[in-house]
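Residue-level structure breakdown
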Amino acid sequence: MIYTAFIFGLISSLHCIGMCGPIAMMLPVDRNNSAKKVLQILTYHSGRLTAYALIGFLFGLLGKGLFLAGIQQELSLFIGIMMILIIVIPERTFAKYNFSKPLYRIISYVKTALGSQFKKRSYSSLFTIGLLNGFLPCGLVYVALFGAIAMQSVSLGIFYMILFGLGTVPMMSSVVYVNSFLTISFRSKIQKAIPYVAILIGILFIFRGLGLGIPYVSPSNLNLFVQQQPNCH
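Residues numbered from 1 in each chain as written. Predicted model: local features only at pLDDT ≥ 70, side-chain atom pairs only at ≥ 80, totals over all residues. Heavy atoms only, no water.

With that settled, consider the overall build of the protein. In terms of regular secondary structure, the protein is built from 10 helices and zero strands. Each of the 233 residues in the protein was classed as buried or not, and the buried ones make up 43%. The long-range share in the protein, meaning contacts at least 24 apart out of those at least 6 apart in sequence, stands at 78%. A total of about 12,700 Å² of accessible surface is found on the protein, and carbon and sulfur atoms cover 68% of it. (Helix = DSSP H or I, 4+ residues; strand = E, 2+ residues; numbered from the N terminus. Buried < 20%, exposed > 50% of the residue type's maximum accessible area, 1.4 Å probe, protein only. Contact = heavy atoms within 4.5 Å. Areas by Shrake-Rupley, 256 points an atom, 1.4 Å probe, with all protein chains shown as cover.)

Shown next, in the form of structure tokens:
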């Protein structure tokens, strides 16, 4: 199931262009030195991946706790259902409940800190921009986080989020070079495909939790991701 992270990141990267594309286009990179520009862009992405790794650590820790509680199959089913619900329930429905209200102050601080970094032209500022960018709220990142929890391991939770971030790198890098490299119609088609991919990944997690005895898709073993009993000699 770990491979779904990169696929989801790759497919959802067009959504990232709409949300984080303006940040990428405003990066204080050297427009005249191609080699330096590439290194600067990679520095920015390393900041984003670090943020995703930190988030993956926290949610991987949560997943490990649930695994130790012995509810790994139930957790996989719950994660799959939640992934699908986030996609099929209209965004305005969630907006009514304003789940992110307690985080407004933190988000405001992140945006302020992000803005101040654009005035600098150092590698540390580019890394910081990427780091802060990674912590900005995003619905598709939330979906990926459910996958990190389902890994039920701290290391795999980190790896899952890093793979998701890596999937977004190619498209986000392209934005820095060419603003309109994709037609509006093509972007629209990809945007429409994103929910189907997310639902498919959710279904895979549900099958995983059902334990139907299908190799690699729905193994019958209750221990879905991590060795249940240590080898003692």
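Packed helix pairs are specified by the crossing angle of their axes together with the interaxial distance, meaning the distance between the axes. Put simply, helix H8 (residues 139–150) and helix H9 (residues 154–177) touch, their axes get as near as 9 Å, and they point 150° apart. Judged by the angle between their axes, H8 and H9 are roughly antiparallel. Our pair here, H8 against H9, has a crossing hand that is right-handed. Together, Leu140, Val141, Ala144, Leu145, Gly147 and Ala148 of H8 and Gly157, Tyr160, Met161 and Phe164 of H9 make up the contact between the two elements. (Axes fitted to C-alpha atoms, helices over the stretch in contact; angles between N-to-C directions. Parallel < 35°, antiparallel > 145°, perpendicular 65-115°, else oblique. Left-handed = near helix turned anticlockwise from the far one by under 90°.)

Next up on the list: helix H4 (residues 72–88). If you check H4, its first and last C-alpha atoms are 25 Å apart, about what 17 residues at 1.5 Å a residue would give, namely 24 Å. Buried residues of H4: Gln72, Gln73, Leu75, Ser76, Ile79, Gly80, Met83 and Ile84, and no others. Buried residues of H4, seen end-on, are gathered within an arc of 165° and therefore sit on one face of the element. (Expected span 1.5 Å × (residues − 1). Arc of directions from axis to C-beta.)

Right, let's talk about a nonpolar patch on the surface for a bit. Side chains of Ile203, Phe207, Leu210 and Leu212 sit close together on the surface and give an oily, nonpolar patch of about 320 Å² of accessible area. Exposure remark for leucine 212: the relative accessible area of 48% places this residue in the partly exposed category. (Patch = residues over 30% accessible without salt bridge, like charges linked within 9 Å, V, L, I, M, F, W, Y side chains within 5 Å. Salt bridge = Lys/Arg side-chain N within 4 Å of Asp/Glu carboxyl O.)

Right, let's get into the nonpolar core. Of all hydrophobic cores here, the largest spans 28 residues; its most connected members are Phe8, Ile79, Met83, Tyr160, Met161, Phe164 and Phe205. Residue assignment for this core shows that the elements contributing at least two residues are helix H1 (3–11), helix H3 (34–68), H4, H8, H9 and helix H10 (184–210). Broken down by element, this core gets its largest block of residues, nine residues, from H8. Counting residues in each nonpolar core, the second largest holds 17 residues, with Ile23, Leu27, Leu114 and Leu136 among its members. (Core = buried A, V, L, I, M, F, W, Y, C linked by side-chain atoms within 4.5 Å.)

Next up on the list: the environment of isoleucine 129. Within the secondary structure, isoleucine 129 is located in helix H7 (residues 123–135). For isoleucine 129 and histidine 45, which are 84 residues apart along the polypeptide, the C-alpha to C-alpha distance reads 9.1 Å. Not counting chain neighbours up to four residues away, the residues in contact with isoleucine 129 comprise Ile23, Leu27, Pro28, Tyr44, Leu114, Gln117 and Phe118.

Tracing the chain through its elements places isoleucine 162 in helix H9. Between the C-alpha atoms of isoleucine 162 and serine 46, which are 116 residues apart in sequence, the distance is 9.9 Å. Leave out the neighbours within four places in its chain, and isoleucine 162 touches Leu49 and Ala53.

This brings us to the packing of aromatic side chains. Aromatic ring pairs: the centre-centre distance and the angle between the two ring planes describe each pair. Under the definition given, this model contains two aromatic pairs. Consider the rings of phenylalanine 8 and phenylalanine 164, whose centres lie 5.8 Å apart with planes at 35°: the pair is tilted. Taken together, the residues phenylalanine 8 in helix H1 and phenylalanine 164 in helix H9 connect sequence positions 156 residues apart. With a centroid separation of 5.8 Å and 70° between ring planes, the pair formed by tyrosine 52 and phenylalanine 164 is classed as edge-to-face. On the criterion of sequence distance, the pair formed by tyrosine 52 in helix H3 and phenylalanine 164 in helix H9 is long-range, its members being 112 residues apart. Phenylalanine 164 shares its class with tyrosine 52; the two are buried. Among the aromatic residues, those joined into a cluster by ring pairs are Phe8, Tyr52 and Phe164. (Phe/Tyr/Trp six-rings, centres within 6.5 Å; stacked < 30°, edge-to-face > 60°.)

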